[in-house]
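One letter stands for each residue in the lines below.
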Amino acid sequence: MHEYELQQLRTFDLIRRADHERLVREAARARRTARHEAGTDTAEHESHSRRFRRPRSARTA
C-alpha cells in the first residue's frame with residue numbers, strides 16, 4: 001500500500017508540473033501575441049534581429 005501512495009504522489013506532482021508549464025507557455029504566447037498586435041518593437045526584439053547594426057569593414061590583407 002505504501003508504494004501505491006508514493007506512486008500517487010509522484011503522479012499528482014507530475015500533473016501539477018505539467019499544468020504549471022502549460023500555463024507558462026500560454027502566458028508567453030499571450031505576451032508575444034499582444035506585442036505583435038500592438039506593433040511595437042521592443043529592445044528585446046531588436047537585439048534578436050539578424051541584421052547587422054553597422055556594415056562590416058573590408059578585410060585587410
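As the structure is a prediction and not an experimental result, all values here were calculated from the model. For every chain, the first residue of the written sequence is number 1, and numbering continues from 1 onward in sequence order. Residues qualify for local features only when their pLDDT is at least 70, as the model is predicted, and side-chain atom pairs are given and counted only at 80 or more; totals for whole chains, interfaces and linings, by contrast, use all residues. As a rule here, side-chain values come from all non-hydrogen atoms in the structure, and water together with hydrogens is ignored.

A.B. asks: What's the story with the environment of Thr33 in this structure? I'm lost.
C.D. replies: Under the DSSP-based scheme used, a helix requires at least four consecutive residues in state H or I and a strand at least two consecutive residues in state E, with every element numbered from the N terminus. If you trace the backbone, Thr33 turns up in helix α1 (residues 2-38). Only 2.8 Å separates the side chain of Thr33 from the backbone oxygen of Arg29, close enough to count as a polar contact. For the purposes of these results, a polar contact is taken to be a pair of N or O atoms within 3.5 Å, where, inside protein, one atom must be able to donate a hydrogen and its partner to accept one; residues adjacent in sequence count only when each atom of the pair is a side-chain atom.

A.B. asks: Just to check I follow, could you spell out α1 for this structure?
C.D. replies: Given 3.6 residues per turn, any residue in an α-helix points the same way as the ones three and four places further on. A rise of 1.5 Å per residue sets the reference length of α1, with its 37 residues, at 54 Å; its end C-alpha atoms lie 54 Å apart and thus fit the reference within 8%. Just past α1, the residue Gly39 takes up positive phi, approximately 75°. Any helix carries an expected span of 1.5 Å times its number of residues minus one.

A.B. asks: Would you mind going over the pattern of salt bridges with me for this structure?
C.D. replies: Pairing of side chains with opposite charge becomes possible as their charged atoms draw close. Put simply, a salt bridge is a Lys or Arg side-chain nitrogen that is within 4 Å of an Asp or Glu carboxyl oxygen. Going through the model one piece at a time under the given rule, you end up with 4 salt bridges. Between Asp13 and Arg16 there is a salt bridge whose closest N-O contact spans 2.5 Å. Taken together, the residues span about one helical turn, with Asp13 and Arg16 both in helix α1 at a distance of 3 residues. Think of it in three bands: residues with accessible area under 20% of the maximum for their type are buried, residues over 50% are exposed, and the middle band is partly exposed, with areas taken using a 1.4 Å probe on protein chains only. We classify Asp13 as partly exposed; its relative accessible area is 23%. Here Arg22 makes a salt bridge to Asp19, at a shortest N to O gap of 3.8 Å. Taken as a pair, Arg22 and Asp19 lie in helix α1 at a separation of 3 residues, close to a single helical turn. When its relative accessible area of 35% is taken as the criterion, Arg22 is described as partly exposed. On the basis of relative accessibility, which here comes to 34%, the residue Asp19 falls in the partly exposed class. A single salt-bridge network, built from bridges that share partners, covers Asp13, Arg16 and Arg17.

By themselves, these observations are geometric and do not establish any function.
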